[in-house]
Amino acid sequence: MKRSAKAVWKGTVKEGSGVLTTQSTTLNDTQYSFKSRFEEGVGTNPEELLAAAHAGCFTMKTSALLSEAGFTPESLETDCKISFIDGKVTLSELTLNAKVPGISEDDFQKIATEAKETSPISVAFSFDKTLDDVRAVIEIKDAKTNLDTKQKRKVSNTPIEQAFGYCIDMGD
């Protein structure tokens, strides 16, 4: 399989601008410029596109590994920050928030680490990749508890809402 994208640039690096178009046309003459890369200009930039590629690829790999291990993720949300220092991409920082019923914290950490090390975009990057903040919502209830029914407590949340509240309390 091969995927393609095309970049067209006109003018000098600081005053000029360009457009990016991908094979799927998800990006179709999408603007990029010196200002969108190094300042706060309108448009995208290569580092933002690397971050999107790494987040998407890592999340899909995590889903595949979870499925292979017999778990069905309800949600996987990955944030990726690319560091661009002295003209070089030096780091890709992944943060994963996940909701995976029935998985232990240890099993989840092992799967997320394997995904970080083996996803195709991770393998393509020669710079450091970190997975510093992995959070999984693991709520243990008996088999008879309906996870969608509000609990009869001071704060009336479902067990799922309660579990996600823990993530917020931890600074997420």
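These notes cover the structure that comes with them. (Residues numbered from 1 in each chain as written. Predicted model: local features only at pLDDT ≥ 70, side-chain atom pairs only at ≥ 80, totals over all residues. Heavy atoms only, no water.)

The next thing to look at is the overall build of the protein chain. When helices and strands are counted, the protein chain shows five helices and six strands. The buried share of the protein chain, taken over its 172 residues, is 34%. Of the contacts formed within the protein chain by residues at least 6 apart in sequence, a portion of 45% connects residues at least 24 apart. About 11,200 Å² of surface is accessible on the protein chain, with carbon and sulfur atoms providing 53% of the total. (Helix = DSSP H or I, 4+ residues; strand = E, 2+ residues; numbered from the N terminus. Buried < 20%, exposed > 50% of the residue type's maximum accessible area, 1.4 Å probe, protein only. Contact = heavy atoms within 4.5 Å. Areas by Shrake-Rupley, 256 points an atom, 1.4 Å probe, with all protein chains shown as cover.)

A few words on the packing of helix H2 (residues 46-68) against helix H3 (residues 105-118). The interhelical angle for the contact between H2 and H3, taken along N-to-C directions, is 135°, at an axis separation of 9 Å. One element, H2, and the other, H3, form an angle in the oblique class. You can see that H2 and H3 cross each other, and the crossing is right-handed. Residue-level contacts link Phe58, Lys61, Thr62, Leu65 and Leu66 of H2 to Phe108, Ile111, Ala112, Glu114, Ala115, Lys116 and Thr118 of H3. Broken down by class, the residue content of the contact of H2 with H3 amounts to seven nonpolar, two polar and three charged. (Axes fitted to C-alpha atoms, helices over the stretch in contact; angles between N-to-C directions. Parallel < 35°, antiparallel > 145°, perpendicular 65-115°, else oblique. Left-handed = near helix turned anticlockwise from the far one by under 90°. Nonpolar A, V, L, I, M, F, W, Y, C, P; charged D, E, K, R; others polar.)

Enumeration according to the criterion identifies three aromatic pairs in this entry. A centroid spacing of 4.7 Å and a plane angle of 45° characterise the contact between Phe34 and Phe38, whose relative ring orientation is tilted. In this pair, Phe34 and Phe38 are both assigned in helix H1 (residues 34-38), four residues apart and thus about one turn of the helix distant. Relative to Phe84, the ring of Phe38 has its centre 5.9 Å away and its plane inclined at 40°; by these criteria the two rings are tilted. Of this pair, Phe38 sits in helix H1 while Phe84 sits in strand E4 (residues 75-85); the two residues are 46 residues apart in sequence, bridging distant segments of the chain. Take Phe38: its relative accessible area is 43%, and that puts it in the partly exposed class. In this structure an aromatic cluster arises from ring pairing among Phe34, Phe38 and Phe84. (Phe/Tyr/Trp six-rings, centres within 6.5 Å; stacked < 30°, edge-to-face > 60°.)

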